[in-house]
Amino acid sequence: MKLQAGCRSGSRVHDWLRGSQSWMRLPAVLNVKERGNVALQFPDDLLVDSVNVAKRLEDATNAKTYILGDTSYGSCCVDEIAAEHVKANVLVHYGRACLSPCTRLPVSYVFGRKAVDVDLCAKTFQTQYPDHEIHVVVLCDVVYGHAIDELENLIRPEYPNVCFSKLTSLGKESSSQEICKFGRRFSPDLSLWPEAYSFFYVGSEGSSLSNFMLTWPRCAFFSFNPDTGEGRTEGLHVNRALMKRFYLIEKARDAHVVGILVGTLGVSDYLSALKHLKDIIKLAGKKSYILAMGKLNPAKLANFPEIDVFVLVACPENSLFDSSGYYRPVVTPNEMEIACNPAREWLGCCITDFRELLPGGSAFVKFPEIDPSDADCTDVSLITGELRSSRFTVADTLKDDPGAFLVQRNSNTALSSVGPAATFLASRSWNGLDKALGQTPVMKAVEGRRGIAIAYEDEISS
């Protein structure tokens, strides 16, 4: 994507990056003696300043920079596919990030440094937690990560049991004594974790805070918003959100046809997650289709009325998708697995990182072996109140069967393969444009109407 220069003196991106020289660190990841390609990924609100940053980077290094525009999915994810199109050696990601692990390219993050009154934040913490022996985990939005060390220096002397999270992309690899979640790592007392802990979050309301709250819904949360300088107790809407997630699980149990939506091409193990979902959906006796359509909207998903529910494979920041305005509900991989895997139970919390559900993950649950005599299962739908019948597939028969059959195509060709999707399409009253070759009589072109639809020239005005 070629961007026209629209930079100005005193550009706001420089205020946003004030105090951070991360954009000057490219020699650490590139051989400055060789010319390398660097992809720069900006969120939409910073694209106006991207040309200025790219020019200053090229002046300071030997690198050739490329600005990535119109990312296929959320701006919080690293767009490695677009970077590979320009043969980039490294990618620099600007703005808020989900910190999901990547595999193709080395990534350097520039979160920015949003202003925060650290003294006021520390006073708010002390007012909220008068007990100095309390166990608290301090979390923050990535744009306030620069202030976490200063905040720790103010709080730690009086609160020995408080642990401060660090961004995993900026530090060492985590150890077995650390908890890693959504790009943050911290070291609580594992004998008390998590029941005895509260959470103090520095940042505004958003998907990051929602993910933490739905992951540990039984823990108390308190947030400090640096934009307003106010603190508040969180959690009033968690129960309602959990009930909505449970409702979506029941919708997934009622479904017969499932659409697996590809919501990321950059998070590691996303291909394994697609295969894992495809397998458990088939074991549950349901049909599935994999759909890749970039950013989602109601019109796109409405093109597939035969699908009863969609499951979105995306980063944790985008997994809790609000599908209230959509023709069909959209669920997370964890919710889909609860609906399909009889060995997995609803524990009243959300798992938004699909990598935890894969074999070897912390939340992996193996699909139980189904006896052929017990393959037929009947229960009651909690939504419709009607009997719901399903037939589990025996694992030994799980193979990559396209489910297609051969039919005669026409008198000139012998056979063609027709799958379930094509069969459903043929049953529709309208199934697309048909050329009808040889069936439409040939006609000469004639002159059409002139003018505009409200008043053509050949129409008689009344």
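Residues numbered from 1 in each chain as written. Predicted model: local features only at pLDDT ≥ 70, side-chain atom pairs only at ≥ 80, totals over all residues. Heavy atoms only, no water.

- In the annotation of an unreviewed UniProt entry, the chain is listed under the name 2-(3-amino-3-carboxypropyl)histidine synthase subunit 2 and assigned to Hymenochirus boettgeri.
- According to the UniProt record, the Cofactor (unreviewed entry) comment for the chain is "[4Fe-4S] cluster".
- Under Sequence similarities (unreviewed entry), UniProt gives the following word-for-word description of the chain: "Belongs to the DPH1/DPH2 family. DPH2 subfamily." (UniProt positions renumbered as here; feature names shortened; annotations may be inferred.)

### Brief notes about the overall build of the chain
Right, on to step 1. When helices and strands are counted, the chain shows 12 helices and 22 strands.
Right, on to step 2. A total of 462 residues make up the chain; the buried ones form 44% of that total.
Right, on to step 3. For the chain, the accessible area works out to roughly 25600 Å², and carbon and sulfur atoms hold 51% of it. (Helix = DSSP H or I, 4+ residues; strand = E, 2+ residues; numbered from the N terminus. Buried < 20%, exposed > 50% of the residue type's maximum accessible area, 1.4 Å probe, protein only. Areas by Shrake-Rupley, 256 points an atom, 1.4 Å probe, with all protein chains shown as cover.)

### Points about the packing of helix α7 (residues 238–254) against helix α11 (residues 333–340)
Right, on to step 1. At a minimum axis distance of 8 Å, the contact between α7 and α11 shows a crossing angle of 50°. As the angle between them shows, α7 and α11 are arranged oblique. Considering the relative orientation of α7 and α11, their crossing is right-handed. Here Arg245, Leu248, Ile249, Ala252 and Arg253 of α7 lie close against α11, whose contacting residues are Glu335, Met336, Ile338 and Ala339.
Right, on to step 2. Split by residue class, the contact of α7 with α11 holds six nonpolar, no polar and three charged. (Axes fitted to C-alpha atoms, helices over the stretch in contact; angles between N-to-C directions. Parallel < 35°, antiparallel > 145°, perpendicular 65-115°, else oblique. Left-handed = near helix turned anticlockwise from the far one by under 90°. Contact = heavy atoms within 4.5 Å. Nonpolar A, V, L, I, M, F, W, Y, C, P; charged D, E, K, R; others polar.)

### Details of the side chain of Glu335
Right, on to step 1. With respect to the element layout, Glu335 can be found in helix α11.
Right, on to step 2. Relative accessible area serves as the criterion here: at 2%, Glu335 is assigned to the buried category.
Right, on to step 3. At 3.0 Å, the side chain of Glu335 and the backbone nitrogen of Thr332 are in polar contact.
Right, on to step 4. The contact partners of Glu335, leaving out residues within four places of it in the chain, are Arg245, Leu248 and Ile249. (Polar contact = N/O pair within 3.5 Å; in protein donor to acceptor, adjacent residues only side chain to side chain.)

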